[in-house]
Amino acid sequence: MASGLVSRSLSRVREIVANATGRRSEPTEKQLERVRRQLHECAENRGGEVSTRLRAARLADTYLKLDEAGRLAFLRMIALEFGPDPKRVAKAHDAYQAAVGTERQWDAEANLRAAMRSSRIRILTQFNAIPQGVKFLVDLRSDLLRFLEHDKELKALDRELEARLTAWFDVGFLELSRVTWNSPAALLEKIVKYEAVHEIRSWRDLKNRLGSDRRCYAFFHPRMPLEPLIFVEVALLDDLADNVQKLLDENAPANDVARATTAIFYSISATQAGLRGVSFGNFLLKRVVDDLQRDFPQLTTFATLSPIPGLVRWATKNPDEVLALFAEADWERLAAAGIEGPESAGLKAVLGGSTDWTHDAALSAALRAPLLKATATYLLQAKRDMQPLDSVARFHLGNGARVERLNWLADASDKGLAQSWGVMVNYLYDPDRIVDNVEAFAGEGRIDAAPGVKRLTRR
C-alpha cells in the first residue's frame, strides 16, 4: 500500500514539476519515506513539548533543504495523507444524527467535530511553535500557492493553512509602527525591496519618502519583528495630489506640515505572498488615519493617489466597448492629430499601452477626453460578480471610499503608461460616508463616485 502511494505520488510530482518548470525532477522513494516518517511523528504528537519542538524544527529544516520537486512532494503528502479519516467521520456523523434531540447530542457534536479535525492542523500548529515558525509557515504557503496553480489536490491544505494564518495574523495581534529614516537599516532595505507601486530607485529616493512632510506606517507581527506585512506611504499636502512624479520629486521643497489639510495615501504594498487572502489592509488605513489625526488635528481630507493596474488590459480585451465611447468631436480632434478612424494602427497601439503618443502634444490632447471616459467606465461599470475588475478599486471601494477624481497623465512612467495610459485616480475617504458606502458596495455592488466622474460615463 505504501509503495503504491509512493509511486503515484512520484508520478504526479513528475508531471506537475514538468508542467510548471519545463524540467523533470523528482525526489527518490527513500527521501519520500523519510519525510513521511517525520510527518507521522509530528502528527502523532509523541513526547513532551521539547520533543515536539525539536521534531518540528527538524522537519522544517528538511523542507527548506528540498528542491522544488521535493517541496511539492512534501506538501502533497500532508494534503493527501493527513486529512480526516472518512470512516471515523462517517461513524461520528451517524452517531450525531442518532443523538439529535437527546441529552447525548452535544457530546456527539463534539465527537463529530473532533473526527473532522485533520492531522494537517496538528502538523501546522507544531511548526508555529518553533523559532521563526510563523515566517516559515508564511513562506511555505507562498510555495503552496505557486504549486496550487497546477495541482488542485492541494486545495484542502491551502484552506486549512489560510484559516490558521488568518487566526494567527488577527489584527488584534498586529503592531502599527512608523518607519523613519532612523529605523534599522535591515527594515529600510525591506521597504525598498517590497515597494510594489512606485519603485524606490535609490537611498535618496527613500529618504525623500520618509521626509518631514511624509509618513510611512507598517503592520508587524510580534513573531516577525523586522518583516513588514503591509505598509502605506503618506504625503501631507494642502490639496489633492494629481501627479505622482511631482509627489516623488526628490528636488521639490518639503511642504509645511503645519498648513497641511490633506493626507494622500500614494502607495500601499502588501509584502508576504503567503498571506494572500488574509485581509488587514483596511485596518491599516483606519489606524493610520487615527494616528495622523492625533498628530495633525487640522487634517480634514484623507484620500489616495492610486494606480489603475487593469485598465489597459481591459481596453485591449474590449476594444469595441472602448471605441463606442468616442464622440464625433473626439474623432475630429484625433483626425487633426493624425489618427484616422478606429482602424488606425496608431490608435490600436495607444489602446494597447504604447507610450509613443505622449511625445505628441496634439495627439495627447485629443486622446484625453475619450480615454478619461474609458477610465470612468472601467472603474464604475466593468465588473465580475458585482465586484470591480480592478484590484485596487476593489480594495478602496470595499473599504468605503469614493471615486473622487481622475487625473490625466498623473503617472508618466513606462509602467504607468502601459497599465493605465498614465491615468491615476483619487479615492476619497469621507468619514461621514464610509459606513454607508461599505454597506451599499457589499450589499448591492453600488459604487460611490463624484458627479464629475459619473458624467464621464454618459454616452
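Residues numbered from 1 in each chain as written. Predicted model: local features only at pLDDT ≥ 70, side-chain atom pairs only at ≥ 80, totals over all residues. Heavy atoms only, no water.

With that settled, the discussion passes to the packing of helix H7 (residues 119–128) against helix H8 (residues 133–148). Two elements in contact, H7 and H8, have axes separated by 7 Å at closest approach and are oriented at 130°. With respect to H8, the axis of H7 lies oblique. For the pair formed by H7 and H8, the contact residues are Leu124, Phe127 and Asn128 on the first element and Gly133, Val134, Phe136 and Leu137 on the second. Of the residues in the contact of H7 with H8, the class split is 5 nonpolar, 2 polar and no charged. (Axes fitted to C-alpha atoms, helices over the stretch in contact; angles between N-to-C directions. Helix = DSSP H or I, 4+ residues; strand = E, 2+ residues; numbered from the N terminus. Parallel < 35°, antiparallel > 145°, perpendicular 65-115°, else oblique. Contact = heavy atoms within 4.5 Å. Nonpolar A, V, L, I, M, F, W, Y, C, P; charged D, E, K, R; others polar.)

By size, the foremost hydrophobic cluster in this structure holds 106 residues, and its most contacted members are Phe74, Phe169, Leu292, Val403 and Trp421. Membership of the second largest hydrophobic core comes to 14 residues, among which are Leu240, Val244, Leu247 and Ala303. (Core = buried A, V, L, I, M, F, W, Y, C linked by side-chain atoms within 4.5 Å. Buried < 20%, exposed > 50% of the residue type's maximum accessible area, 1.4 Å probe, protein only.)

All right, on to the sheet that holds strand S8 (residues 402–407) then. If you trace the 7 strands from one edge of the open sheet to the other, you get S1-S2-S3-S4-S5-S9-S8, paired in mixed fashion. This sheet does not close on itself; its edge strands, each paired only once, are strand S1 (175–178) and S8. For this sheet the average axis-to-axis angle between neighbouring strands, irrespective of direction, equals 30°. (Pairing = 2+ DSSP bridges.)

Further remarks concern the environment of Gly83. For Gly83, the position within the fold is in the loop between helix H4 (68–81) and helix H5 (86–99). Note: C-alpha distance between Gly83 and Ile121 (38 residues apart in sequence) is 8.9 Å. Setting aside its immediate chain neighbours within four residues, Gly83 contacts Ile78, Ser118 and Arg120.

What helix H21 (residues 434–444) keeps buried is the set Asn437, Ala440 and Phe441. Down the axis of H21, the sector holding all buried residues measures 95°, keeping them to one side. Along H21, the residues that are exposed and aim more than 90 degrees away from the buried face are Val435, Glu439, Ala442 and Gly443. The secondary structure elements touched by the buried residues of H21 are strand S7 (387–388), helix H19 (391–398) and S8. Gly445, located one to two residues past H21, shows a positive phi value of around 75°. (Arc of directions from axis to C-beta.)

Right, let's talk about helix H10 (residues 185–194) for a bit. Count 3.6 residues to each turn of an α-helix, and residues three or four apart come out pointing the same way. Listing the buried residues of H10 in full gives Leu187, Leu188, Ile191 and Tyr194. Buried residues along H10 cover an arc of 135° about the axis, so they all sit on one side. For H10, the exposed residues lying more than 90 degrees away from the buried face are Ala185 and Lys193. Along its buried surface, H10 packs onto H8, helix H11 (203–209), strand S2 (214–220), strand S3 (230–237) and strand S4 (262–270).

All right, on to the pattern of salt bridges then. Counting across every chain of the model gives 29 salt bridges. The shortest N-O distance in the salt bridge between Lys190 and Glu227 comes to 2.9 Å. Within this pair, whereas Lys190 is found in helix H10, its partner Glu227 is found in the loop between S2 and S3, the two being separated by 37 residues in sequence. Given the relative accessible area of 13%, Glu227 is considered buried. Of the charged contacts in the structure, one is a salt bridge between Asp205 and Arg209, with a shortest N-O distance of 3.1 Å. Taken together, the residues Asp205 and Arg209, both in helix H11 and 4 residues apart, mark about one turn of the helix. Here Asp205 falls in the buried class, since its relative accessible area comes to 0%. (Salt bridge = Lys/Arg side-chain N within 4 Å of Asp/Glu carboxyl O.)

Attention now goes to the environment of Glu195. With respect to the secondary-structure elements, Glu195 resides in the loop between H10 and H11. Considering only alpha carbons, one finds Glu195 and Val232, 37 residues apart in sequence, at a separation of 9.5 Å. The contacts of Glu195, once residues within four sequence positions are left out, are Ile200, Arg209, Phe231, Glu233, Ser267 and Ser269. A polar contact is formed between the side chain of Glu195 and the backbone nitrogen of His198, at a distance of 2.7 Å. (Polar contact = N/O pair within 3.5 Å; in protein donor to acceptor, adjacent residues only side chain to side chain.)

This brings us to the layout of surface pockets. Put simply, the largest pocket is a space of about 880 Å³. Every residue lining the largest pocket is counted, 35 residues in all, and those nearest its centre are Ile230, Ile268, Ser269, Ala270 and Phe395. Elements supplying a minimum of two residues to the lining of the largest pocket: S4, helix H13 (281–295), H19 and helix H20 (414–420). Residue contributions to the lining of the largest pocket peak at 6 residues, all from S4. (1 Å grid on protein atoms, 1.4 Å probe; cavity = no way out; pocket = protein on both sides within 12 Å on 5 of 7 lines; lining within 4 Å. Points joined across faces, edges and corners; volume = space filled by probe spheres on them.)

Packed helix pairs are characterised by how far apart their axes lie and by the angle those axes make with each other. Direction vectors running N to C along H8 and helix H9 (residues 155–168) enclose 150°, while the axes themselves pass 11 Å from each other. The angle between H8 and H9 places the two elements in the roughly antiparallel class. Judged by the twist between their axes, the crossing of H8 over H9 is left-handed. From H8, Leu137, Val138, Leu140, Arg141, Leu144, Leu145 and Leu148 reach across to H9, where they touch Lys155, Leu157, Asp158, Leu161, Glu162, Leu165 and Trp168. Residue composition of the contact of H8 with H9, grouped by class: 10 nonpolar, no polar and 4 charged. (Left-handed = near helix turned anticlockwise from the far one by under 90°.)

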